[in-house]
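# Per-entry structural report
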Amino acid sequence: MPLQNIDPTATAAWKKLEQHFGETKGIHLKEFFAKDGKDRVDSFTLKWEDFLIDFSKNRITGETLRLLLQLAEEVGLKDAIDKYFRGDLINQTEGRAVLHTALRAKEDDSILVEGKNVIPEVYKVKEQIKVFTDAIISGDKKGFTGKPFTDVVNIGIGGSDLGPAMVTEALRFYKNQLRTHFVSNVDGDHVREILKEVNPETTLFVVVSKTFTTQETLSNAMTIKKWFLQHATQKDIALHFAAVSTNTAAISEFGIADENVFPMWDWVGGRFSLWSAVGLSIALAIGFKNFDALLEGANSMDQHFKTAEFEENIPVILALLSIWYNNFYDAETEAIIPYTQYLSRFSAYLQQGIMESNGKSVDRKGGRTSYQTGTIIWGEPGTNSQHAFFQLIHQGTKLIPTDFIGFKKSLYGDTDHHHKLMANFFAQTEALMNGKTEKEVRLELESKGLSSATMEKLVPYKVFEGNKPTNTILIDSLTPKSLGALIALYEHKIFVQGIIWNIFSYDQWGVELGKQLAGTILNDINDSDIGDHDASTLHLLQVFKS
Ligand code: F6P
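Scoring rules and cut-offs
Residues numbered from 1 in each chain as written. Predicted model: local features only at pLDDT ≥ 70, side-chain atom pairs only at ≥ 80, totals over all residues. Heavy atoms only, no water. Helix = DSSP H or I, 4+ residues; strand = E, 2+ residues; numbered from the N terminus. Rg over C-alpha atoms; globule rule 2.2 N^0.38 Å. Contact = heavy atoms within 4.5 Å. Near = heavy atom within 4 Å. Polar contact = N/O pair within 3.5 Å; in protein donor to acceptor, adjacent residues only side chain to side chain. Areas by Shrake-Rupley, 256 points an atom, 1.4 Å probe, with all protein chains shown as cover. Nonpolar A, V, L, I, M, F, W, Y, C, P; charged D, E, K, R; others polar. Buried < 20%, exposed > 50% of the residue type's maximum accessible area, 1.4 Å probe, protein only. UniProt positions renumbered as here; feature names shortened; annotations may be inferred. Phe/Tyr/Trp six-rings, centres within 6.5 Å; stacked < 30°, edge-to-face > 60°. Core = buried A, V, L, I, M, F, W, Y, C linked by side-chain atoms within 4.5 Å. Domains from an automatic or database assignment.

## Section: the overall build of the chain
When you go through the chain residue by residue, the secondary structure sums to 22 helices and 13 strands. Relative to the globule expectation of 24 Å for 546 residues, the C-alpha radius of gyration of the chain, 25 Å, shows essentially globular dimensions. Expressed along its principal axes, the backbone C-alpha trace of the chain runs to roughly 80 × 60 × 60 Å. At a minimum sequence separation of 6, the contacts of the chain that also span at least 24 residues come to 75%.

And the structure:
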């Protein structure tokens, strides 16, 4: 069954939200707290497993939330969730189901795609991943000179790189002896730098491409194969190369042994594929057991999303808050700030997930949306980001709703560092909310004994307006399971927003044009003549070729 077509702006809830926005937009966050007292925190905190989500520091009242929840009801979110989990072809422009959730389903679940239960196949590939990764990690599988593997190079781009790269870094604490490297960009210099670090005798190359047609990945794989063959023979490729794709025919042409080919399915979007064999590098780096725990965490979040009432549903609430700022406050960006260096690639990963999914301007009726859709996502870990771009969040002219993600426990148990890290975590959301008033600034400057002339000059610059909305996501500790749940949380947030904006979140036609033009321009660069281009591009090509 297709998704419903409902213009969110035509709902009764949207109209009421517009009016409600007019009535509440002038209220400072501090006033909400003063009025609601401690009840505010109770009302606007969600607890689930080892997650605590405090969304009280948002510019909302109980009525805002009620209307946002009404919006979710009116656009048929419940019906859409059912279609999503049951495998309906909700990626309508590509005629596909959207079933990354099936990759972490339980073995006795049944999910039908075109009448066939896909779970047995999912578990067959999981077993293949287990057997392969166990043999590499234990050293049972060896390289062409009989030495155990020491390094793994993942060759892929977009969803075939970002997920594995982000998770491998995030779960570094759980890593075994294998060193992992990621080659994504079609930048030969990068490829050479990685090859400098590895020994062909002890390196496993994992070529990951859902389509096996992506220029970057195929070029990098060919370059690496050539380099490998300078040290080994054609038959050694079978020992040192593995591949993950839906396009198994193209893999065998490349020369990869059948037993090292890991299938995936067209009902898994590239940017949601780390749970499949695309996560092979993850399973190699942290072992299958930990990889499975990652999937288990995601499955737990899936169950929560599928069954919790909307007012207690974490992905639903976070999606609605984001819509509140995007569509009513005209906020254009959202920052995601994890307070752990392990999550240094988390926002880069979510940039693809969120922006490739919801960066759309045509609605499900085929017309242009009259309202804003996908938010711009950015961020870096705290506290580094505090010393980089937080100035703009605190005192700039733009409203930037921010998610703060922190952990109660550090992994090595260094409390001194962890307390300092988390003191910053809590201090930032407090500062962003409360700011600093003119009166407070004056008192502070007076206590420093400043002359009144100097003080008058400084006061305007030292005032912090505050009133900056944040969500606090506090998790017990960073484990494979909690990371799985955290990623799934954002995946479902993407889904909810796409449903409400009445767009198709699971295609990515927008990246095609650049790819096509790059093909044409590559011919222009390699051939003697340059074809038809605008004056600027033509001139640039002439300079490049001269
Ligand atoms: O950037 C477009 C895109 O199709 C992504 O959606 C995908 O993750 C990436 O390219 C890589 O594609 P593939 O896995 O087919 O090489």
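## Regarding the site of the ligand
Taken together, 15 residues lie near the ligand, and Ser-160, Ser-209, Thr-211, Thr-214 and Glu-356 sit nearest. One nitrogen or oxygen atom from the side chain of Ser-209 is found 2.6 Å from an oxygen atom belonging to the ligand. The side chain of Gln-352 places a nitrogen or oxygen atom 3.2 Å from an oxygen atom of the ligand. Its free accessible area being 390 Å², the ligand has 88% of it covered by the protein chains. Along the lines of polarity and charge, the residues of the shell around the ligand split into two nonpolar, nine polar and four charged.

## Remarks on the side chain of Asn-502
Note that Asn-502 resides in the loop between α20 (480-500) and α21 (512-526). Among the residues examined, Asn-502 registers a relative accessible area of 0% and is labelled buried. Here Ile-6 takes part through its backbone nitrogen, which lies 3.3 Å from a polar atom of the side chain of Asn-502. Residues in contact with Asn-502, not counting those within four places in the same chain, are Gln-4, Asn-5, Ile-6, Asp-7, Pro-8, Asp-363, Arg-364 and Tyr-371.

## Quick notes on the UniProt feature "active site" (unreviewed entry) in the chain
With numbering matched to this structure, UniProt assigns "active site" (unreviewed entry) to Glu-356, His-387 and Lys-515. For this annotated set, covering 160 residues, the C-alpha atoms extend up to 36.6 Å from each other, a dispersed arrangement in space. With respect to the secondary-structure elements, His-387 resides in the loop between β11 (376-378) and α16 (390-395). Given a relative accessible area of 71%, His-387 falls into the exposed group. Note that Lys-515 resides in helix α21.

## Digging into the packing of aromatic side chains
The tally for this structure, following the rule as stated, stands at 36 aromatic pairs. Centre to centre, the rings of Phe-85 and Phe-305 are 6.1 Å apart; their planes meet at 45°, and the pair counts as tilted. Of the two residues, Phe-85 sits in helix α5 (residues 77-86) while Phe-305 sits in helix α13 (residues 288-307), which places them 220 residues apart along the sequence. Here Phe-85 matches Phe-305 in class, with each residue buried. Geometrically, the ring pair formed by Phe-144 and Phe-228 is edge-to-face, given 5.7 Å between the ring centres and 85° between the ring planes.

## Focus: the nonpolar core
Generally speaking, a soluble globular protein has its nonpolar side chains buried in company with each other. In terms of nonpolar packing, the biggest core is built from 124 residues, with Trp-267, Phe-346, Leu-486 and Phe-495 touching the most fellow members. If you tally residues by element for this core, the top one is α20, at twelve residues. Two domains share this core, each providing at least three of its residues, namely domain 1 (8-75 + 308-430 + 469-501) and domain 2 (100-292). What Trp-267 contacts, discounting residues up to four positions off in sequence, is Ala-97, Val-98, Leu-99, His-100, Ala-102, Leu-103, Val-113, Val-118 and Val-122. Grouped together as the second largest cluster of nonpolar side chains are 23 residues, Ile-194, Trp-227, Phe-241 and Ile-251 included.

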